[in-house]
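# Examination of the molecular architecture
Each chain, written out:
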Amino acid sequence: MMIKLERRHLLTVEDLSAAEIERIFSISEDLKAKFLEGVREPLLPQRVMALIFEKPSLRTRVSFETAMAHLGGSAIFLGQDAGFGKRETMADFASVLSQYVDVIVFRGNKHQTVEELAYYSSCPVINGLTDYAHPCQALADLFTLREIAGKLRGHTLAWVGDGNNVARSLAEGCAKLGVRFVMATPEKYRFEPEFVDRLRKKYPDFQFEVVDRPEDAVRDALAVYTDVWTSMGQEAEAEQRRRDFAPYQVNAKLMAHTQKGAVFMHCLPAHRGEEVTDEVIDGPQSVVLQQAANRLHVQKGILAWLLGAHA
């Protein structure tokens, strides 16, 4: 893993302390309340954000561009014509781009790429998704749960399905904020032992469990969370994954095992009929639209905090 420069970046949830996460949430809560009152506070006038995306996006791109517009700044989406990863070295690309803009959002394939981008950048870099982590999604999800429950500490989040980048980022956030994390995942799709060992050593009070039966995972959970079984770039594994994850579908039968007040979460887009049924994702327990909306508000909080613009 590359050592980052002294400039502050957000590449994983582990980059933040619990106090910093709470600070981001506080800013997000303030800005969301003002937004709902019709106020869009221009905290970042004339600031410029660059977006570099190797993967398609709806929520990440639109929420970040909208967030910067609401904050009084502007965004530049860099397409293929910018030549990212093709025309010049990462050192040259990042060194030049970061002199022009105030913050860079990267959404791509390999986590090593965003680490390298941050290493050479003189402005903050935000990870909008890599194969290893999705910190902005996880922060918005935990913010959503805090809105629902009033507090996070002591609650349980149940993850049902692939131990992917979203699951990894949520586990990091839960470890920092005192949330029990229970995972029901086929053995070969679970977290790397090194990742779990690191979290346990760094956060000895972290309550992390892996169970075989989804019913056991969701029983005491405030939230039942799932994601697609086959992520972008894994299409060749799709049929095998469908077979492996078939017992892990979140449906009405599984949700019947949850406690009163439990909610269903999904980062979207969903493969309806695979990891989740329509009756769950469209049902009364679903908060997927609240999650999606909070991407905008929490990313405003991240931008304002990272650029030091909120008193």
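- Looking at an unreviewed UniProt entry, one finds the protein named Ornithine carbamoyltransferase and attributed to Thermogutta terrifontis.
- As its UniProt record puts it under Sequence similarities (unreviewed entry), the protein is described as follows: "Belongs to the aspartate/ornithine carbamoyltransferase superfamily. OTCase family."
- Under the heading Subcellular location (unreviewed entry), UniProt records this for the protein: "Cytoplasm".

## What about the overall build of the protein?
- Regarding its fold elements, the protein presents 12 helices and 9 strands.
- Radius of gyration (C-alpha) of the protein: 19 Å, near the 19 Å computed for a compact globule of 311 residues.
- Classification of the 311 residues of the protein by burial places 56% in the buried group.
- Sequence-distant contacts, at least 24 apart, represent 74% of the contacts inside the protein between residues at least 6 apart.
- When the accessible surface of the protein is split by element, carbon and sulfur atoms take 50% of a total near 13,700 Å².
- Charge separation in the protein, taken as the distance between the mean sites of 37 positive and 42 negative side-chain charges, equals 2 Å.

## Thoughts on the UniProt feature "binding site: carbamoyl phosphate" (unreviewed entry) in the protein
- Mapped onto this numbering, the UniProt entry annotates "binding site: carbamoyl phosphate" (unreviewed entry) at Arg-107, His-134, Pro-135, Cys-136, Gln-137, Cys-267, Leu-268 and Arg-295. Taken from the residues named earlier, the lining of the largest pocket is made up of Arg-107, His-134, Gln-137, Cys-267, Leu-268 and Arg-295.
- With respect to the helices, strands and loops of the structure, Pro-135 is situated in helix 5 (residues 135-149).
- Look at Pro-135 and you get buried, because its relative accessible area is 0%.
- In this structure Pro-135 touches Leu-10, Leu-11, Thr-12, Val-13, Asn-127 and Ser-169, once residues within four positions along its chain are discounted.

## Points about the confidence of the model for the protein
- With 97% of its residues at a pLDDT of 70 or more, the protein has an overall mean of 95.
- Low pLDDT, under 50, characterises residues 1-5; the stretch is placed with 12 contacts to residues that sit more than four places away or in other chains.

## Regarding the packing of aromatic side chains
- Summed over all chains, the structure comprises 15 aromatic pairs.
- Judged by centre distance (5.5 Å) and plane angle (65°), the ring pair of Phe-25 and Phe-143 falls under edge-to-face. Linking Phe-25 in helix 1 (residues 18-36) with Phe-143 in helix 5, this pair joins segments that are 118 residues apart in sequence. With respect to burial, Phe-25 and Phe-143 carry one shared label: buried.
- When the ring of Tyr-119 is compared with that of Tyr-120, the centres are 4.9 Å apart and the planes differ by 90°; the resulting orientation is edge-to-face.

## A few points about the pattern of salt bridges
- If you walk through the whole model with that rule in mind, you get 21 salt bridges.
- Notably, a salt bridge pairs Lys-188 with Asp-244, separated by 3.3 Å at the nearest N-O pair. Highlighted residues: Lys-188 in the loop between strand 6 (180-184) and helix 7 (193-202) and Asp-244 in helix 9 (residues 238-245), separated in sequence by 56 residues.
- For Lys-188, a relative accessible area of 58% puts it in the exposed group.
- Where Arg-272 meets Asp-282, a salt bridge forms, and the shortest distance between an N and an O atom there is 2.8 Å. One end of the pair, Arg-272, is in the loop between strand 9 (263-266) and helix 11 (278-281); the other, Asp-282, is in the loop between helix 11 and helix 12 (288-306), with 10 residues separating them in the sequence.
- If you follow the salt bridges from partner to partner, you end up with Glu-14, Arg-198 and Lys-202 in one network.

## Re the layout of surface pockets
- Counted as a void, the largest pocket has a volume near 710 Å³.
- As for the largest pocket, its lining consists of 37 residues, of which Asn-165, Asp-227, Val-228, Ser-231 and Met-232 are closest to the centre.
- Take the lining of the largest pocket: its biggest share by element is 3 residues, from helix 6 (residues 165-177).
- Across the lining of the largest pocket, the residue classes tally to 10 nonpolar, 14 polar and 13 charged.
- Each of two domains, domain 1 (13-134 + 295-308) and domain 2 (135-291), supplies a minimum of three residues to the lining of the largest pocket.

## Brief notes about the packing of helix 1 against helix 12
- The contact between helix 1 and helix 12 brings their axes to 8 Å, and the two run at 120°. Comparing their axes, helix 12 and helix 1 come out oblique. Of the two elements, helix 1 crosses helix 12, and the hand of that crossing is right-handed. Here helix 1 contributes Glu-20, Arg-23, Ile-24, Ile-27, Ser-28, Leu-31, Lys-32 and Phe-35 to the contact with helix 12, which in turn contributes Asn-294, His-297, Val-298, Lys-300, Gly-301, Ile-302, Ala-304 and Trp-305.
- When its residues are assigned to classes, the contact of helix 1 with helix 12 shows 8 nonpolar, 4 polar and 4 charged.

## Digging into the nonpolar core
- Ile-126, Leu-170, Phe-181, Phe-191 and Leu-303 are the most contacted members of the largest nonpolar core, which totals 62 residues.
- Counting residues domain by domain, this core receives three or more from each of domain 1 (13-134 + 295-308) and domain 2 (135-291).
- Ignoring any residue separated from it by four or fewer positions in sequence, one finds Phe-191 in contact with Gly-163, Asn-164, Ala-167, Arg-168, Ala-171, Phe-181, Met-183, Val-196 and Phe-208.
- One finds Val-160, Ala-184, Ala-221 and Val-280 within the second-largest nonpolar core, a separate group that totals 22 residues.

What counts as what
- Residues numbered from 1 in each chain as written.
- Predicted model: local features only at pLDDT ≥ 70, side-chain atom pairs only at ≥ 80, totals over all residues.
- Heavy atoms only, no water.
- UniProt positions renumbered as here; feature names shortened; annotations may be inferred.
- Helix = DSSP H or I, 4+ residues; strand = E, 2+ residues; numbered from the N terminus.
- Rg over C-alpha atoms; globule rule 2.2 N^0.38 Å.
- Buried < 20%, exposed > 50% of the residue type's maximum accessible area, 1.4 Å probe, protein only.
- Contact = heavy atoms within 4.5 Å.
- Areas by Shrake-Rupley, 256 points an atom, 1.4 Å probe, with all protein chains shown as cover.
- Lys, Arg positive; Asp, Glu negative; His and termini not counted.
- Charge placed at Lys NZ, Arg CZ, Asp CG, Glu CD.
- 1 Å grid on protein atoms, 1.4 Å probe; cavity = no way out; pocket = protein on both sides within 12 Å on 5 of 7 lines; lining within 4 Å.
- pLDDT = per-residue confidence, 0-100.
- Phe/Tyr/Trp six-rings, centres within 6.5 Å; stacked < 30°, edge-to-face > 60°.
- Salt bridge = Lys/Arg side-chain N within 4 Å of Asp/Glu carboxyl O.
- Points joined across faces, edges and corners; volume = space filled by probe spheres on them.
- Nonpolar A, V, L, I, M, F, W, Y, C, P; charged D, E, K, R; others polar.
- Domains from an automatic or database assignment.
- Axes fitted to C-alpha atoms, helices over the stretch in contact; angles between N-to-C directions.
- Parallel < 35°, antiparallel > 145°, perpendicular 65-115°, else oblique.
- Left-handed = near helix turned anticlockwise from the far one by under 90°.
- Core = buried A, V, L, I, M, F, W, Y, C linked by side-chain atoms within 4.5 Å.

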